[in-house]
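# Structure at a glance
So you can see what is in the structure, the chains are spelled out below.
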Amino acid sequence: MSSGEKKPLPFAASFVAGAIAGISEILTFYPLDVVKTRMQLETGKSQHGLMGSFKTIIREEGFGRLYRGLVPPLLLEAPKRAVKFAANDFWGKTYLGMTGETKMTQSLSILTGCSAGATESFVVVPFELVKIKMQDKTSTFPGPMAVVRHIVKADGLLGLYAGMEATFWRHLWWNGGYFGCIFQVRGLLPKAETQQGTLLNNFISGSVGGFAGTLLNTPFDVVKSRIQGATKVAGVAPKYNWTYPALIQVFREEGPAALYKGFVPKVLRLAPGGGVLLLVVEFTLGVFRQALGPPYI
């Protein structure tokens, strides 16, 4: 390591920074996630747009319904975001070592993001499943543990991993677009001369990356919501089972626009949310560097 090069922070620092960023993002944008899920679970022609969905939920179910199912995501966000950024750090270092590159390239950034997304998907599935069951308009579960007990009783422990394959593809595409776009946008932005400029660049690149990731992964998110939101009937094959056949089925029955149901609330959450994530992560890592001192600064 050269005299002017910062020493990489310990894994624990990336883990904690990712956890703090995830909780900050979800507390800010969660109602948009509820609306997004409702729109994706609605088959056929959409009855309500973004504002219509908000008004309908508040009028028919009360304002508190916009935060229904918040506990599983809150419990999930810390390990989920921590795993996302820690895995991105791990895979980035791994691929740099494997290729002999000294700096991250566009292709390595995309590969790193996809690998981190695939890693993250294994952590999030049970939490996502419980969240979808709680957010469904027809849900009568009193709380997340009631959902867990119901699933385990009906399908065993493996039932908590329903939609695993769709979740894998959703996270792979989102992370690939997110981290790949961040790398590209950072290279186009003027070099920051101050800490405030650096934070602004991180917010801009993270927001653009969030938009790109959302654009790529929304069809997979629609299918994931359908698979996880379905009510299983004994002896009857589920309508949606595997990801790519389900994508084709939704396309044929409801048209291409159906694959982007919930896109507006999703992008309104994940575009600025992606900026918030990167902003908080980089700020927190900077605090850690200052606290640890040389050779981390």
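Residues numbered from 1 in each chain as written. Predicted model: local features only at pLDDT ≥ 70, side-chain atom pairs only at ≥ 80, totals over all residues. Heavy atoms only, no water.

### Quick word on the overall build of the protein
Along the protein, the regular secondary structure elements total nine helices and zero strands. Written out in order from the N terminus, the α and β elements of the protein read α-α-α-α-α-α-α-α-α. Over its C-alpha trace the protein gives a radius of gyration of 20 Å, about what one expects of a compact globule, namely 19 Å for 297 residues. Its C-alpha atoms put the protein at 65 × 40 × 35 Å along the principal axes. Across the 297 residues that make up the protein, the buried fraction comes to 51%. Pairs at least 24 residues apart make up 80% of the contacts formed inside the protein by residues separated by at least 6 positions. Here the protein holds 31 positive side-chain charges and 19 negative ones, and the gap between their average locations is 3 Å. (Helix = DSSP H or I, 4+ residues; strand = E, 2+ residues; numbered from the N terminus. Rg over C-alpha atoms; globule rule 2.2 N^0.38 Å. Buried < 20%, exposed > 50% of the residue type's maximum accessible area, 1.4 Å probe, protein only. Contact = heavy atoms within 4.5 Å. Lys, Arg positive; Asp, Glu negative; His and termini not counted. Charge placed at Lys NZ, Arg CZ, Asp CG, Glu CD.)

### Focus: the environment of Leu158
Turning to its location among the elements, Leu158 is positioned in the loop between α5 (144–155) and α6 (164–188). Leu158 sits 32 residues away from Pro126 along the chain, and the two C-alpha atoms are 9.4 Å apart.

### Some remarks on the UniProt feature "transmembrane region" (unreviewed entry) in the protein
When the UniProt feature table is mapped to this numbering, "transmembrane region" (unreviewed entry) covers residues 12–32. Between the C-alpha atoms that bound residues 12–32 there is a distance of 30 Å. The span itself is 100% helix and 0% strand. (UniProt positions renumbered as here; feature names shortened; annotations may be inferred.)

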